[in-house]
Amino acid sequence: MEKKAIETKSKILVETKDKMEKKAFQTKTEIMAETKTIVDKKTTETKSKIMAETKAIVDKKTTETESKILAKTKNIMDKKAIETKSEILAETDNKIEKKAMETKSEILAEMDNKILRAAHGQERELQAHFKRILSAIAAVQPENRELQGVIEAVRGTM
């Protein structure tokens, strides 16, 4: 009888131990699944926040950079326009004096052609300068794909 009681007790202990281990494993699995869900949610939220902040910073920097480029380009264009205008006016004055016998319409036509050629040359010069500026910006932030995309888009319009 004692032997039977010990066997029954042993059997009950083994079954209880098995049930406890199974329940512990099940609880552990549930906790791990819940933890993974929480971690995934927090990771997604953190990524979203970081991406939003990064986009805001990139947008702000892009706007600042564009403003700087536009201001520099305008200054260069204004300076070149004044230089070109001065050169053309001096040349035109000399030609008017030399060709006093020609008609006014011929002189004006010649001035228009020279201004258009100078403006065209100036435009090419400015585009080349602008492309160098874009390359410099691209070199400063090569890992910034959004900025690189903006730069490529701007280059595509030239």
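Overview of the structure. Source: prediction; values computed, not measured.

**A word on the layout of surface pockets**
So, step 1. A volume near 270 Å³ is recorded for the largest pocket.
So, step 2. Together, 16 residues line the largest pocket, and Ile69, Leu70, Phe130, Leu134 and Val154 are the ones closest to its centre.
So, step 3. At the level of secondary structure, the elements contributing two or more residues to the lining of the largest pocket comprise α1 (2-98), α2 (104-140) and α3 (145-156).
So, step 4. The biggest single contributor to the lining of the largest pocket is α1, with six residues.
So, step 5. Residue composition of the lining of the largest pocket, grouped by class: eleven nonpolar, four polar and one charged.
So, step 6. In this structure, the second largest pocket encloses a volume near 160 Å³.

**Brief notes about α2**
So, step 1. For α2, which comprises 37 residues, the first-to-last C-alpha distance of 54 Å matches the rise-based estimate of 54 Å (1.5 Å per residue) to within 8%.
So, step 2. By the burial criterion, the buried members of α2 are Ile107, Lys114, Gln122, Leu126, Phe130, Ile133, Leu134, Ile137 and Ala138.
So, step 3. Along its buried surface, α2 packs onto α1 and α3.

Basis of the calculations
All residue numbers refer to positions counted from 1 along the written sequence of the respective chain. Since the coordinates come from a predicted model, pLDDT governs what is reported: local features require at least 70, and pairs of side-chain atoms require 80 or more to be given and counted, while whole-chain, interface and lining totals use all residues. The side-chain figures draw on all heavy atoms in the structure; neither hydrogens nor water molecules are used. The rule is simple: put a 1 Å grid over the protein atoms alone, call a set of points where a 1.4 Å probe fits but cannot get out a cavity, call an open set with protein on both sides within 12 Å along at least five of seven lines a pocket, and count a residue as lining if it has an atom within 4 Å of a point. Grid points are joined across faces, edges and corners, and a volume is the space filled by probe spheres set on the points. To qualify as a helix, a DSSP run of H or I must reach at least 4 residues; to qualify as a strand, a run of E must reach at least 2; elements of each kind are numbered from the N terminus. Residue polarity is assigned by list, with Asp, Glu, Lys and Arg as charged and Ala, Val, Leu, Ile, Met, Phe, Trp, Tyr, Cys and Pro as nonpolar; anything else, Gly included, falls into the polar class. Each residue after the first adds 1.5 Å to the expected span of a helix. To sort residues, take the accessible area from a 1.4 Å probe on protein chains only and compare it with the maximum for the residue type: under 20% means buried, over 50% means exposed, and anything in between is partly exposed. Residue contacts are counted whenever heavy atoms from the two residues lie within 4.5 Å of one another.

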